[in-house]
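Per-entry structural report
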Amino acid sequence: MKSIATKLTDVQTRISEAILHSQATQKVQLVAVSKYHSVDSVRQAVAAGQIAFGENYLQPALEKIDALSALSLQWHFIGPLQSNKSKAVAENFDWLHTLDRLKLAKRLNDQRPQHLTPLNVCLQVNISHDPAKSGLAVADVIPLAQQISQLPNIKLRGLMCIPMQKQGFEAQKQELLPMQDLLKQLQQICPDADTLSMGMSGDLEAAVAAGATMVRIGTDIFGPRPDPKYNEA
Ligand SMILES: *Cc1c(COP(=O)(O)O)cnc(C)c1O
């Protein structure tokens, strides 16, 4: 079985090759999604040079953050967030990828400790118009961004999506391409917004070709998650 270090290198190589093949000009940051994997697995990834980690579930995430607090890691909350759990995210994370409502944004803004830099956030977009998926309708993105950009303790960095699990590079890329236009629109009101968070183990190449600047990879770094029912995003 390949080590986590080897799989990390493999994923970095895939990213570089995807950039080359699609003649992409953006930089692509790798967020290693460690949900359902152990502190020890995270340590192995850190030893191999990985700094940014993504988590979906608050309690296990907080345990990992605490256990690894001696290391300077970057923590990304990438799961759905209930408003009553916003404080722990405001206090412990560097990024939230799934912001989708003003009420939550205001709470995070109030709860972000003053000694920390503003919380980096992405607005989650339901790019596939899938009623089963969370995220904002495309038409709601800019109006919400306008309001959120006024909040001083939150830094609106860009957009995130979880597309339908289509097969094949072209189909995946076509589904993700509208995110690029939407980021351009966002940049009209938020010139600092520079992030497109998209691309998972199964669609990394298509996401990079469609302009991703941050890919969130779990399975291809840490292996399958322990319980198959957690394998859907
Ligand atoms: C689990 C998860 C990922 C990682 O998915 P893999 O297919 O294991 O790479 C990425 N993004 C989100 C939002 C997730 O929940």
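You'll find the structure just up there.
The model shown is predicted, which means the values in this text are computed figures rather than measured ones.

1. What about the site of the ligand?
Near the ligand you find 14 residues, and of these Lys35, Asn56, Ser201, Gly218 and Thr219 are the closest. One of the side-chain nitrogen or oxygen atoms of Ser201 is found 2.5 Å away from an oxygen atom of the ligand. Separating an oxygen atom of the ligand from a side-chain N or O atom of Thr219 is a distance of 2.5 Å. Protein contact buries 95% of the 390 Å² of open area that the ligand shows by itself. A per-class count over the shell around the ligand returns seven nonpolar, four polar and three charged.

2. Section: the packing of aromatic side chains
Counting across every chain of the model gives three aromatic pairs. Pairing Phe77 with Phe93 gives two aromatic rings, centres 5.3 Å apart and planes at 90°, and the pair type is edge-to-face. Taken together, the residues Phe77 in strand β3 (residues 74-77) and Phe93 in the loop between α4 (86-92) and β4 (95-99) connect sequence positions 16 residues apart. In this structure Phe93 comes out as buried when scored by relative accessible area, which is 1%.

3. Details of the pattern of salt bridges
Counting across every chain of the model gives nine salt bridges. A salt bridge links Glu205 to Arg14, with the nearest nitrogen and oxygen atoms 2.8 Å apart. Highlighted residues: Glu205 in helix α9 (residues 204-209) and Arg14 in helix α1 (residues 4-22), separated in sequence by 191 residues. We classify Glu205 as partly exposed; its relative accessible area is 27%. Residue classification places Arg14 among the partly exposed residues on the basis of a relative accessible area of 23%. When salt bridges with common partners are traced through the structure, they connect Arg14, Glu205 and Asp220 into a single cluster.

4. Let's talk about the state of the cysteines
For the coordinates displayed, the defined rule picks out zero disulfides. As a non-bridged cysteine, Cys122 has Cys161 as the owner of its nearest cysteine sulfur, 10 Å distant. With no disulfide of its own, Cys190 has Cys122 as its nearest cysteine by sulfur position, at a separation of 11 Å.

5. With respect to the packing of helix α7 (residues 169-176) against helix α8 (residues 178-189)
Axis separation between α7 and α8 bottoms out at 5 Å; the angle between their running directions is 25°. Judged by the inter-axis angle, α7 sits roughly parallel to α8. From α7, Gln174, Glu175 and Leu176 reach across to α8, where they touch Pro178, Met179 and Gln180.

6. Quick word on the pairing of strand β5 (residues 119-124)
Remember that side chains alternate between the two faces of the sheet whenever the strand is regular. Counting buried residues along β5, six of its six residues qualify, which places the element largely inside the surrounding structure. Residues Leu119, Val121 and Leu123 of β5 are buried on one face, and the alternating residues Asn120, Cys122 and Gln124, pointing to the opposite face, are buried as well. Here β4 pairs with β5 via three bridges, running parallel. Counterpart to Leu96 in the pairing with β5 is Val121. Following the chain from β4 across helix α5 (residues 102-111) to the adjacent parallel β5, one finds a crossover that is right-handed. Pairing analysis gives six bridges linking β5 to strand β6 (residues 154-160), with the strands arranged parallel. The residue of β6 that forms the bridge with Gln124 is Met160. For the handedness criterion, the β-α-β arrangement of β5, helix α6 (residues 138-148) and β6 is classed as right-handed.

Each value, and the rule that gives it
- Residues numbered from 1 in each chain as written.
- Predicted model: local features only at pLDDT ≥ 70, side-chain atom pairs only at ≥ 80, totals over all residues.
- Heavy atoms only, no water.
- Near = heavy atom within 4 Å.
- Polar contact = N/O pair within 3.5 Å; in protein donor to acceptor, adjacent residues only side chain to side chain.
- Areas by Shrake-Rupley, 256 points an atom, 1.4 Å probe, with all protein chains shown as cover.
- Nonpolar A, V, L, I, M, F, W, Y, C, P; charged D, E, K, R; others polar.
- Phe/Tyr/Trp six-rings, centres within 6.5 Å; stacked < 30°, edge-to-face > 60°.
- Helix = DSSP H or I, 4+ residues; strand = E, 2+ residues; numbered from the N terminus.
- Buried < 20%, exposed > 50% of the residue type's maximum accessible area, 1.4 Å probe, protein only.
- Salt bridge = Lys/Arg side-chain N within 4 Å of Asp/Glu carboxyl O.
- Disulfide = S-S within 2.5 Å.
- Axes fitted to C-alpha atoms, helices over the stretch in contact; angles between N-to-C directions.
- Parallel < 35°, antiparallel > 145°, perpendicular 65-115°, else oblique.
- Contact = heavy atoms within 4.5 Å.
- Pairing = 2+ DSSP bridges.
- Right-handed = clockwise from strand over helix to strand, strands pointing away.

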